[in-house]
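Fold and contact review
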Amino acid sequence: MYALVDGNNFYVSCERVFNPTLRNRPVVVLSNNDGCVISRSDEAKKLGISMGAPAFEYENKFKEWDVKVFSSNYSLYGDMSNRIYRILQNYTPDIEVYSIDECFLKFNHLPHISLDDYARKMRSEVLKKTLIPTCVGIAPTKALAKVANRIAKKFPQLGAVFLIDTEEKRIKALKWLEIEDVWGIGRRMSKRLKDKGIRKAIQFTELSDEYVRREFSVTGLRLKKELEGISVLKLEEIQAKKQIATTRSFDKTYADKDYLKERITTFAVNCAQKLRKQQSTCQSISVFIHSNRFDVKQERHFRSITIPYPTNSDIEIARFAQKAFSLIFKPGVYYKKAGVIVSGIAPENERQYSLFEEESVKHRDIMHVMDRLNSKYGTSKLKLASQALDKTWKMRQEHLSPNYTTKWKDILEVR
Amino acid sequence: MERYFRSEMMKFIKFDETLEFLPIKTEGNKKYVVVREGVNAGFPSPAEDFLNDRISLDECYLSKPEATFINRVKGQSMYPEYHENDLLIVRSDYEVQHGDDVVVSINRSAYTLKRYDKIQSKLYAINPNYAHSVNITEEDEVILLGVVDALVRNRKRKK
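Conventions we followed
For every chain, the first residue of the written sequence is number 1, and numbering continues from 1 along that sequence. To read the labels, note that chains go from A and ligands from 1, taken in the order they are written. For this predicted model, a pLDDT threshold of at least 70 governs which residues receive local features, and a threshold of 80 or more governs which side-chain atom pairs are given and counted, while totals over whole chains, interfaces and linings are taken from all residues. In computing side-chain values, all of the structure's heavy atoms are included and hydrogens and water are not. Buried residues of nine kinds, namely Ala, Val, Leu, Ile, Met, Phe, Trp, Tyr and Cys, make up a nonpolar core once their side-chain atoms join them within 4.5 Å. Three exposure classes are used, based on accessible area relative to the maximum for each residue type with a 1.4 Å probe and protein chains only: buried under 20%, partly exposed in between, and exposed over 50%. Put simply, DSSP H or I for four residues or longer makes a helix, DSSP E for two residues or longer makes a strand, and each gets a number counted from the N terminus. The contact rule is simple, with two residues in contact once any of their heavy atoms fall within 4.5 Å. At least two bridges found by DSSP between two strands are what make those strands a pair. Whenever a helix is involved, its axis is fitted only over the stretch in contact; in every case the axis is a line through C-alpha atoms, and angles between N-to-C directions fall within 0 to 180 degrees. Salt bridges, as used here, are contacts in which a Lys or Arg side-chain nitrogen is within 4 Å of a carboxyl oxygen on Asp or Glu. As a working definition, buried area equals the accessible area (1.4 Å probe) given up by two parts on being put together, with both sides summed. What qualifies as a polar contact is a pair of N or O atoms within 3.5 Å, subject to a donor-acceptor requirement within protein and to the restriction that residues adjacent in sequence count only when both atoms come from side chains. Scored from 0 to 100, pLDDT records how confident the predictor is in each individual residue. Here a Phe, Tyr or Trp ring, Trp counted by its six-membered ring, pairs with any other such ring whose centre lies within 6.5 Å, and the pair is stacked when the planes are under 30 degrees apart, edge-to-face when over 60, and tilted otherwise. Counting as a charge over the ring demands two things of the Lys NZ or Arg CZ atom: a distance within 6 Å of the ring centre and an angle within 35 degrees of the ring normal. Expected span of a helix, by definition, is 1.5 Å for each gap between consecutive residues, and there is one gap fewer than residues. The arc refers to the directions leading from the helix axis to the C-beta atoms. Working rule for angles: under 35 degrees goes down as roughly parallel, over 145 as roughly antiparallel, 65 to 115 as roughly perpendicular, anything else as oblique. Left-handed describes a crossing whose near helix is turned anticlockwise from the far helix through less than a right angle; right-handed describes the clockwise counterpart.

Take the nonpolar core next. Counting 86 residues, the largest nonpolar core has A:Phe10, A:Tyr77, A:Leu88, A:Leu105, A:Ile285, B:Leu88 and B:Leu113 as its most contacted members. A total of eight residues in this core trace back to one element, the largest contributor, which is helix α11 (residues 257-277) of chain A. Once residues within four sequence positions are removed from consideration, A:Leu105 is found in contact with A:Met1, A:Tyr2, A:Ala3, A:Val5, A:Leu88, A:Thr92, A:Asp94, A:Ile95 and A:Met122. Listed in part, the 37 residues of the second largest apolar core include A:Ile179, A:Val182, A:Leu207 and A:Phe216.

Written out as structure tokens, the structure is:
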């Protein structure tokens, strides 16, 4: 059986953990650069604020309705996500982090207590330890677990846990589910299906295998099997111990922060290019700087940063590398060697982008153009400004909450 | 220094001509051997086999990172046991017991530090000058961030 655990209104819930005054009132979290709404509290949903609503259009309404607005604080959300993952790991060794707020779990051996009780215990442990409410959907396949999760979320009387463990429940669920809400059915595919009169998920499963394969390729057929209760999608495990590094020894020693920062940026961009070449993304960036190893006391500084979303963008990787660098750089030390290492590598197309569409997709296009121009006109003709001019790319974050769990100066104060 | 490959192991000749077999590791098409730096010069340090990691405070106080929050004390409400700017290690996995100090929000207030009196079912500030205590009834919404597990206080002024 597969379970899908996900955080309810995850980003808003993370903000509420540290700020109880936000409970029972409308709260929204905006995407990178404060562009549009990407997470809403139930109260905000009731006001009719839609997902993806542009922030500038709603500025006056937010004031009028007394909506609390936050910029996305990915260090905070990433940390809370890791906490939940650590707790879930105690319930099964087979776990896939599908996105920052969703995990697939596989239960191979049925525990002595019922799966329903097991899921409820798991959910309440997550709630107690992290104060984040979650929903759990359990079913024989990943696609059905996704459906069960949706039902758990839509019907509060179920207590946030729902199992599809009988044929009767499966059919009832698929009769209820709109075709456009099926996991993996995009806007274009759902339009094509609707044109054929298919409105509910159950009708999709009634089509013949040959027809589905012909019209919607093998991906569509896999989805059909999954909805029929035949498991074909397995857990995607994060490949461990794979990393890409760019490290250099300098011609002489350098103590100049700006010079070193520029080098780190260039190394980071280099790693990002390597990632894109093999169509991968990374989820962790490490930076090291060493002084001359023949010094009496060699200085070796190292810092690793986990990124809350997989990326292979020059901009993102350079930004995190610069951040790591500024945390380890010591004035007065003459450095001889430096490097950037990226790890947590996963195939590009395996990751889900929806929550970060705005940021990732835009970067992907920019990166694509940069790669093409650079291969046409010679390496690194086109660079990030920080590589040559040390202009740090700055995000618009006007409503950023403190980094309660990752920065000393931001930790929660209690009276 | 001479090195040559055998089937599975690598022969590594040390300065004093004793042989050491090191396992060959593989990663894709790459085969390599982990050689510790400085092994081929001088005598090995007698402490080498006894090297342990340094004492780590994280090991003691952050052993359950998924259920630990760090907070900073502000104000005097829990003086003299707690001082302004003390750091609190707060555990969200503990069950609250009588006499525990807890970080709580009462009816959606900001989080405060209070002592829990189970017998009288109340939360109170221990500083007599802050003599307000809160009786908890059924209707009250109490959100518990966690129970104070340890306290870190700087004795020297830090910048």
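Glycine aside, the phi torsion of most residues is negative, and most peptide linkages are trans. Geometrically, the link from B:Tyr79 to B:Pro80 is a cis peptide bond, its omega value of 5 degrees lying close to zero. Relative to the assigned elements, B:Pro80 resides in the loop between β5 (68-73) and β6 (87-91). Notably, A:Leu131 is not glycine yet its phi reads approximately 65 degrees, a positive angle. Relative to the helices and strands, A:Leu131 resides in the loop between α5 (115-130) and β7 (134-139). Judged by its relative accessible area of 13%, A:Leu131 falls in the buried class. Its identity as a non-glycine residue notwithstanding, B:Asn107 has a phi of 50 degrees, on the positive side. B:Asn107 sits in the partly exposed class, given a relative accessible area of 41%.

Turning our attention to the sheet that holds β7(A). Strands pair in a sheet through their backbones, by hydrogen bonds, and they do so in one of two ways: parallel or antiparallel. Residues and elements named next belong to chain A. One open sheet holds the five strands; their spatial order is β5-β6-β1-β7-β8, and the pairing between them is mixed. Each edge of the open sheet carries a strand with a single partner, namely β5 (95-99) and β8 (161-163). Mean inter-strand twist for the sheet, computed between neighbouring axes without regard to direction, equals 15 degrees. In terms of strand pairing, strand β1 (residues 2-7) meets strand β6 (residues 102-106) through five bridges, oriented antiparallel. Across the sheet, the residue bridging to Tyr-2 is Lys-106, located in β6.

For the coordinates displayed, the defined rule picks out 36 salt bridges over all chains. For A:Arg83, the salt bridge goes to A:Asp79, with nearest N and O atoms at 2.9 Å. One end of the pair, A:Arg83, and the other, A:Asp79, are both in helix α4 (residues 74-89), four residues apart, so they sit about a helical turn from each other. Exposure remark for A:Arg83: the relative accessible area of 8% places this residue in the buried category. Assessed through its relative accessible area of 18%, A:Asp79 is described here as buried. The closest approach of N and O atoms between B:Arg91 and B:Asp93, which form a salt bridge, is 2.9 Å.

A common way to express how large an interface is: the accessible area buried when the components associate. Residue-level contacts link 24 residues of chain A with 31 residues of chain B. The junction of chain A with chain B conceals about 2,500 Å² of combined surface from both sides, 57% of it contributed by carbon and sulfur atoms. Broken down residue by residue, the surface that chain A buries against chain B is led by A:Lys129, A:Val414 and A:Arg415, which jointly contribute 27%. Connecting chain A to chain B are three salt bridges. Ionic pairing is found between B:Lys74 and A:Glu413, a salt bridge with its closest N-O pair at 4.0 Å. Between the two partners, chain A and chain B, sit 11 residue pairs in polar contact (both at pLDDT 80 or more). Among the secondary structure elements, those contributing two or more residues to the side of chain A that touches chain B are α1 (10-18), α4, α5 and β14 (412-414) of chain A.

Glancing now at the sheet that holds strand β10 (residues 133-135) of chain B. If you walk across this open sheet you meet the eight strands as β14(A)-β5(B)-β6(B)-β11(B)-β7(B)-β8(B)-β9(B)-β10(B), and the pairing is mixed. Taken across any chain shown, the strands that pair with only one partner, and hence form the sheet edges, are β14 of chain A together with β10 of chain B. Geometrically, the sheet is characterised by an average inter-axis angle of 40 degrees between neighbouring strands, direction not taken into account. Where β14(A) and β5(B) come together, three bridges link them in parallel fashion. Along β5(B), the bridge assignment pairs A:Leu412 with B:Asn71.

Take the confidence of the model for chain B next. Looking at chain B as a whole, the pLDDT averages 80, with 69% of positions reaching at least 70. Residue range residues 1-8 of chain B is modelled with pLDDT below 50. Its contacts to residues more than four positions away, or to other chains, number 14 contacts.

With that settled, the discussion passes to the packing of aromatic side chains. Residues and elements named next belong to chain A. Tallied over the full model, the rule gives 19 aromatic pairs over all chains. Judged by centre distance (4.4 Å) and plane angle (10 degrees), the rings of Tyr-11 and Tyr-77 are stacked. In this pair, Tyr-11 sits in helix α1 while Tyr-77 sits in helix α4, placing the two residues 66 residues apart along the sequence. Across this residue pair, the class does not change: Tyr-11 and Tyr-77 are buried. Each ring, one from Tyr-58 and one from Phe-62, has its centre 5.6 Å from the other, and the planes form 25 degrees; the classification is stacked. Linking Tyr-58 with Phe-62, this pair stays in helix α3 (residues 55-65), spanning four residues, or about one helical turn. Relative accessible area serves as the criterion here: at 5%, Phe-62 is assigned to the buried category. An aromatic cluster is defined as three or more aromatic residues linked by ring pairs; in this entry it consists of Phe-10, Tyr-11, Tyr-74 and Tyr-77. The ring of Phe-104 is capped by Lys-142, whose NZ or CZ atom sits 4.8 Å from the centre of that ring. Between the NZ or CZ atom of Lys-169 and the centre of the ring of Phe-162, over which it lies, the distance is 5.5 Å.

Turning our eyes to something else, we now look at α5(A). Residues and elements named next belong to chain A. For α5, spanning 16 residues, the distance from its first C-alpha to its last is 22 Å, which sits close to the expected 22 Å at 1.5 Å a residue. Among all positions of α5, only Leu-115, Tyr-118, Ala-119, Met-122, Arg-123, Glu-125, Val-126, Lys-129 and Thr-130 are buried. Each buried residue of α5 sits inside an arc of 160 degrees when the element is viewed along its axis, so together they form one side. Where α5 ends, the next residue or the one after it, Leu-131, has phi of about 65 degrees, a positive value.

Let's shift gears to the packing of α4(A) against α5(A). All names here are of chain A. It is the contact of α4 with α5, at a shortest axis distance of 10 Å, that shows an interaxial angle of 140 degrees. Between α4 and α5, the angle falls in the class oblique. Between α4 and α5 lies a crossing whose hand is right-handed. Contact residues: Met-80, Arg-83, Ile-84, Ile-87 and Leu-88 in α4; Met-122, Glu-125, Val-126, Lys-129 and Thr-130 in α5.

Bringing helix α12 (residues 314-328) of chain A into the picture now. Residues and elements named next belong to chain A. With 15 residues, α12 should reach 21 Å at 1.5 Å per residue; the first-to-last C-alpha distance of 21 Å fits that figure. Burial within α12 is extensive, with 11 of its 15 residues counted as buried. Three or more residues of α12 are buried, namely Asp-314, Ile-315, Glu-316, Ile-317, Ala-318, Phe-320, Ala-321, Gln-322, Ala-324, Phe-325 and Ile-328. Capping the start of α12 is the job of one residue whose side-chain oxygen sits 3.0 Å from the backbone nitrogen of Ile-315: Ser-313.

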